[in-house]
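Tertiary structure, described
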Amino acid sequence: MPRQGLPSHSPTEPLFVGFAGRIGAGKTAAAEYLSSRHGFQYTRYSQVLRDWRASDATTLHGLREIGWEVMSGSHQAELNARLIAGLDRSRSAAIDGLRHPVDFRSLADAFGPAFHLIYLEAGAEPRFRRHGSKYPTREGFVAADSHRVEAKIDSLRPFATATIQNEGSLEALQGALDDWLTATVTGDRT
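Position labels on residues start from 1 in each chain and follow its written sequence. Owing to the predicted nature of the model, reporting of local features is limited to residues with pLDDT of at least 70; listing and counting of side-chain atom pairs is limited to 80 or more, with chain, interface and lining totals taken over all residues. Based on all heavy atoms of the structure, the side-chain values leave hydrogens and waters out of the count.

1. Side note on the packing of aromatic side chains
Here is the rule: Note on aromatic pairs: the rings of Phe, Tyr and Trp (six-membered ring only in Trp) are paired at centre separations within 6.5 Å, and the planes decide the class, stacked below 30 degrees, edge-to-face beyond 60, tilted for the rest. Helix numbers and strand numbers start at the N terminus; a helix is a DSSP run of H or I with at least 4 residues, a strand a run of E with at least 2. Between buried and exposed lies partly exposed: a residue is buried under 20% and exposed over 50% of the maximum accessible area for its type, with that area taken using a 1.4 Å probe on protein chains only.
Within the structure shown, the criterion is met by four aromatic pairs. Between the aromatic rings of Phe104 and Phe159, the centroid separation amounts to 4.5 Å while the plane-to-plane angle is 15°, which identifies the pairing as stacked. One end of the pair, Phe104, is in helix α5 (residues 101–111); the other, Phe159, is in the loop between α7 (138–145) and β5 (162–165), and 55 residues separate them in sequence. Judged by relative accessible area, which is 16%, Phe104 ranks as buried. When the centroid spacing of 5.7 Å and the interplanar angle of 65° are considered together, the rings of Phe128 and Phe141 count as edge-to-face. In this pair, Phe128 sits in helix α6 (residues 124–130) while Phe141 sits in helix α7, placing the two residues 13 residues apart along the sequence. The same class applies to Phe128 as to Phe141, namely buried. Through a chain of ring-to-ring contacts, three or more aromatic side chains come together here, namely Phe104, Phe115 and Phe159.

2. Observations concerning helix α2 (residues 45–52)
Put simply, the rule is: The directions from the helix axis to the C-beta atoms form the arc being described.
Taken together, the buried positions of α2 are Tyr45, Ser46, Val48, Leu49 and Trp52. Down the axis of α2, the buried set is contained in an arc of 160°. They therefore lie on one face.

3. Here's the deal with the sheet that holds strand β4 (residues 115–121)
The criterion, for reference: Pairing between two strands requires that DSSP report at least two bridges joining them. Orientation is described by axes fitted as lines to C-alpha atoms, over the contacting stretch for helices, and by angles from 0 to 180 degrees between their N-to-C directions. Whether two residues are in contact is decided by their heavy atoms, any of which lying within 4.5 Å being enough.
Strand order in the open sheet formed by five strands is β2-β3-β1-β4-β5, with parallel pairing between adjacent strands. Because the sheet does not close on itself, it has two edges, and the strands there are β2 (41–44) and β5. Taken pair by pair, the neighbouring strands of this sheet meet at an average axis angle of 25°, ignoring direction. Seen against the sheet, helix α8 (residues 170–186) touches β1 (16–21), β4 and β5 and runs at an angle of roughly 155° to β4.

4. Digging into the pattern of salt bridges
Let me state the cut-off plainly: The working definition used for a salt bridge is a side-chain nitrogen of Lys or Arg within 4 Å of a carboxyl oxygen of Asp or Glu.
Counting across every chain of the model gives ten salt bridges. Residues Glu121 and Arg157 are paired through a salt bridge, measuring 2.6 Å at the closest nitrogen-oxygen approach. With Glu121 in strand β4 and Arg157 in the loop between α7 and β5, this residue pair connects regions lying 36 residues apart in the sequence. Overall, Arg157 belongs to the partly exposed group, its relative accessible area being 34%. When salt bridges with common partners are traced through the structure, they connect Arg22, Glu121, Arg127, Asp145, Asp154 and Arg157 into a single cluster.

5. Let's talk about the confidence of the model for the protein
Let me state the cut-off plainly: pLDDT expresses how confident the predictor is about each individual residue, on a scale running from 0 to 100.
Overall, the predicted model of the protein reaches an average pLDDT of 83, with 80% of residues at or above 70. Long-range and interchain partners of residues 1–10, a stretch whose pLDDT sits below 50, account for 22 contacts in this model, where long-range means more than four residues apart.

6. Focus: the nonpolar core
Generally speaking, a soluble globular protein has its nonpolar side chains buried in company with each other. Applicable threshold: What is meant by a nonpolar core is a set of buried Ala, Val, Leu, Ile, Met, Phe, Trp, Tyr and Cys residues, joined one to another through side-chain atoms within 4.5 Å.
If you look at the biggest cluster of nonpolar residues, it comprises 23 residues, and the most contacted ones within it are Leu83, Ile95, Leu98, Leu107, Phe115 and Leu117. Mapped by element, the contributors of at least two residues to this core are β1, α2, α4 (76–85), β3 (93–98), α5 and β4. The leading source of residues in this core is α2, at four residues. In this structure, Leu117 is in contact with Gly18, Phe19, Ala20, Leu98, Phe104, Leu156, Phe159, Ala160, Thr161 and Ala162, ignoring residues within four places of it in sequence. Phe19, Leu120, Trp180 and Leu181 belong to the second-largest nonpolar core, a separate cluster that totals 18 residues.

7. Points about the pairing of β1
By the criterion of burial, β1 is predominantly enclosed, with six of the six residues buried. Of the two faces of β1, the one lined by Phe16, Gly18 and Ala20 and the one lined by Val17, Phe19 and Gly21 are each fully buried.

8. A word on the packing of α4 against α5
Operational definition: For classification purposes, angles smaller than 35 degrees are called roughly parallel, those larger than 145 roughly antiparallel, those between 65 and 115 roughly perpendicular, and all remaining angles oblique. Two helices that cross are described as forming a left-handed crossing if the nearer one is turned anticlockwise from the farther one by less than a right angle, and a right-handed crossing if clockwise. Residues are grouped as follows: Ala, Val, Leu, Ile, Met, Phe, Trp, Tyr, Cys and Pro are nonpolar; Asp, Glu, Lys and Arg are charged; every other residue, Gly included, is polar.
Packing of α4 against α5 brings their axes to within 9 Å, and their N-to-C directions diverge by 40°. Classified by the interaxial angle, the pair formed by α4 and α5 is oblique. For the element pair α4 and α5, the recorded crossing hand is right-handed. Between α4 and α5, the residues in contact are Gln76, Ala77, Asn80, Leu83 and Ile84 and Val102, Asp103, Ser106, Leu107, Ala110 and Phe111, respectively. Considered class by class, the residues forming the contact of α4 with α5 number seven nonpolar, three polar and one charged.

Right, here's the structure in full:
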């Protein structure tokens, strides 16, 4: 349950918060929480990729392969342009699934100091448990986690405004996000 008494997010200017981390680190849960609890618009890179290349991305594996084609074919900037064009700049946004330094640069250039990257960290075991339905075997999970489209994720960590350890419960993640948001809105970074 979210912490009680936290005011709804209403900064003077919108915030644009991107989430990066390994498979199962909590990116989707974090972005969806900012959307449902604090009214952020929600978008995810994989949905923009699906919308752009829908006929090519019919399965999760297919989506990863298309993601790799985009990334390795120097089309990551175009993917970012499509994602940014779909955002309402008058509303705060939670952006799920940054995977490449181009993603960070594109969003930082588009939104300036209103853009914040949160890097979510979690060990392999809790990440596997969270994604047991998608990857029922450890081998499948390891294969997905080590897919070449995931190779640049760790390079985003140095750009993060905040890094959140997400080894525990959903409520703990939500509390950490509430704390970060309150500190960001009030400017209290102590």
